[in-house]
Amino acid sequence: MAAEGGGDGAGGAGLRLPPHSASGLVLQTVEMHTGGEPLRIIPRLEAAEEAGAELSLLSLRREVAATQDHVRRALMHEPRGHAGMYGAVVVRGGTAAAGADLAALFLHGAGYSAMCGHAVLALGRFALDYGLVAAPSRPEAAVRLLCPCGPVTAFVPWDGHRSGNPVRFHSVPAFAAATDLVIDVPGHGKVVVDIGYGGTFYAFLNAEQLGLDVCSAKTRDLINVASAVTEAVKKQFKLHHPESEDLAFLYGTILTDGKDAFSEEPTTNICVFADEQVDRSPTGSGVTARIALQYHKGLIQLNQTRTFRSSTTGSLFTGKAVKAIKFGDYTAVIVEVSGEAFYTGTATFTVEEEDPLKHGFFFK
């Protein structure tokens, strides 16, 4: 049944849904999900576009964090968001989006990411349906996105009127930063981890090292051990990125079922990132990094497609290394990740100035 709106038609008697006047910030969003992981898209944030006219995307990321973080908190945190919410600010034009159809800043409960594969898959569809790509080709259109980690290209089914699925993207150079690294995790002892980069850095290990089955363990238990690993790696291993130290941070830990050798069967994982946030999808940048590690170890070859399953929702992504390249001192690969993204709605959020919780709240 449709909700009564703002018209004066029969039966409406002039009724108009509140708020009748916005006393503060009004934010319009497009809501999507990829493999169950939400994406709250902000099609335009004027302050970001104005600053982006003169700043690179990495610099804009710092500027938005310093001056517009109330927007992130308002939309990611409760009562408008939740502990698992994820978002993207679309940036058009200016230095920040030079040479691309659009740029994106990625938002989560604790801050800002450098890359987000599930968001790229969704933004590929959004860019076409919103008219951000000039003369898109059929039956598949290329969408050039600039992410803080660098440029990526999404390939999206397009019939001339509406985008479709599955969407795929080609990553930034992905590489193995460390393999068979021994880390002492307080309360759990020594474990062996790999560290891979797929637009951001992750630690990877078989959950069985921590006495858990990634497919059947309670999510809270997986979160606790993954978070402990993340903190231990941060203290015991220094990351380096060939192009920017702004990208040299550990985003999270991905616990796997240990099935890294090539197989036609799906391999299952769970990604715990930022401040104990759980990805509902198989994690696009995580799949990218895991493919890079498998290629580095000789467990897969170029153009061998692997299927990755989320332990939380059962949703699937596929990934394959499509090209080997040199990236700084690393032998890297370009990875193709494929998945399905869907629209779930649109929203208009208001922020009333007198609301003591106007910029949201967050608790564990």
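About the criteria used
Sequence order sets the numbering: in each chain, residues are counted from 1 along the sequence as written. For this predicted model, a pLDDT threshold of at least 70 governs which residues receive local features, and a threshold of 80 or more governs which side-chain atom pairs are given and counted, while totals over whole chains, interfaces and linings are taken from all residues. Note that water and hydrogens are dropped before the side-chain values are worked out from all heavy atoms of the structure. UniProt positions are given in the numbering used here, feature names are shortened, and annotations may be inferred rather than shown by experiment. Every case where a carboxyl oxygen of Asp or Glu lies within 4 Å of a side-chain nitrogen of Lys or Arg is listed as a salt bridge. Helix and strand assignments come from DSSP, with helices taken as H or I runs of at least 4 residues and strands as E runs of at least 2, each series counted from the N terminus. Note on classification: 1.4 Å probe, protein chains only; a residue is buried when its accessible area is under 20% of the maximum for its type, exposed when over 50%, partly exposed between these limits. For this analysis, a nonpolar core means a set of buried residues of the types Ala, Val, Leu, Ile, Met, Phe, Trp, Tyr and Cys, connected via side-chain atoms within 4.5 Å. Domain delimitation follows an automatic or database domain assignment. Think of it this way: a Phe, Tyr or Trp ring, Trp meaning its six-membered ring, pairs with another when their centres are within 6.5 Å, and the plane angle makes it stacked under 30 degrees, edge-to-face over 60, tilted otherwise. Both a distance and an angle decide whether a charge sits over a ring: NZ of Lys or CZ of Arg must be within 6 Å of the ring centre and within 35 degrees of the ring normal. Contacts are assigned to residue pairs that have any heavy atoms within 4.5 Å of one another. Buried area counts how much accessible surface, traced with a 1.4 Å probe, disappears from two parts once they are put together, with both parts' losses summed. Think of a polar contact as two N or O atoms within 3.5 Å of one another; within protein, one of them needs to be a possible hydrogen donor and the other a possible acceptor, and neighboring residues in sequence only count if both atoms come from side chains.

An unreviewed UniProt entry lists the chain under the name trans-L-3-hydroxyproline dehydratase, from Bucorvus abyssinicus. Here the chain is described in UniProt, under the heading Subunit (unreviewed entry), as follows: "Homodimer." Regarding the chain, the relevant UniProt record gives this comment under Sequence similarities (unreviewed entry): "Belongs to the proline racemase family."

Regarding the pattern of salt bridges
With the rule as written, the count across this model stands at 14 salt bridges. Two residues, Arg-144 and Asp-101, come together in a salt bridge whose shortest N-O distance is 3.4 Å. Of the two residues, Arg-144 is situated in strand S6 (residues 140–147) and Asp-101 in the loop between strand S3 (87–91) and strand S4 (102–107); the sequence distance between them amounts to 43 residues. With relative accessibility at 42%, the residue Arg-144 sits in the partly exposed group. One salt bridge in this structure joins Glu-231 and Lys-234, with 3.7 Å as the shortest N-O distance. Here Glu-231 pairs with Lys-234, and both are found in helix H5 (residues 219–236), just 3 residues apart, close to one helical turn. A relative accessible area of 43% means that Lys-234 is categorised as partly exposed.

Comments concerning helix H3 (residues 69–76)
Counted residue by residue, H3 has 6 buried out of 8 residues, so it is predominantly covered. Residues of H3 that are buried include every one of Asp-69, Val-71, Arg-72, Ala-74, Leu-75 and Met-76, and no others.

Section: the nonpolar core
Core analysis: the largest hydrophobic core is formed by 93 residues, its most contacted members being Phe-106, Val-120, Leu-123, Val-143, Val-193, Ile-195 and Leu-255. There are two domains that each give this core at least three residues, and those are domain 1 (25–166 + 343–349) and domain 2 (172–339). In terms of nonpolar packing, the next biggest core, distinct from the first, is built from 23 residues, Leu-75, Ala-96, Ala-97 and Leu-105 among them.

A look at the packing of aromatic side chains
Under the definition given, this model contains 12 aromatic pairs. Measuring from ring centre to ring centre gives 6.2 Å for Tyr-202 and Phe-204, while their planes differ by 65°; the resulting arrangement is edge-to-face. An aromatic cluster is defined as three or more aromatic residues linked by ring pairs; in this entry it consists of Tyr-86, Tyr-202, Phe-204, Phe-249, Tyr-251 and Phe-273. One cation-aromatic arrangement involves Arg-168 over Phe-155; the distance from NZ or CZ to the ring centre is 4.4 Å.

Focus: the domain arrangement of the chain
One can read the domain layout of the chain as domain 1 (25–166 + 343–349) and domain 2 (172–339). Centre-to-centre, using C-alpha coordinates, domain 1 lies 23 Å away from domain 2. Listed as interface residues are 27 residues of domain 1 and, on the opposing side, 26 residues of domain 2. Summing both sides of the interface, domain 1 and domain 2 together bury roughly 1,800 Å²; the carbon and sulfur share of this comes to 58%.

Here we look at the environment of His-118
Its place among the elements puts His-118 in helix H4 (residues 117–129). By relative accessible area, His-118 is classed as buried at 1%. A sequence separation of 163 residues divides His-118 from Ser-281, and the C-alpha atoms of the two residues are 7.4 Å apart. Excluding its chain neighbours within four sequence positions, the residues that come into contact with His-118 are Thr-34, Glu-37, Pro-38, Leu-39, Tyr-86, Ser-281, Gly-284 and Phe-317. Here the side chain of His-118 touches Pro-38 through a polar contact of 2.9 Å, landing on its backbone oxygen.

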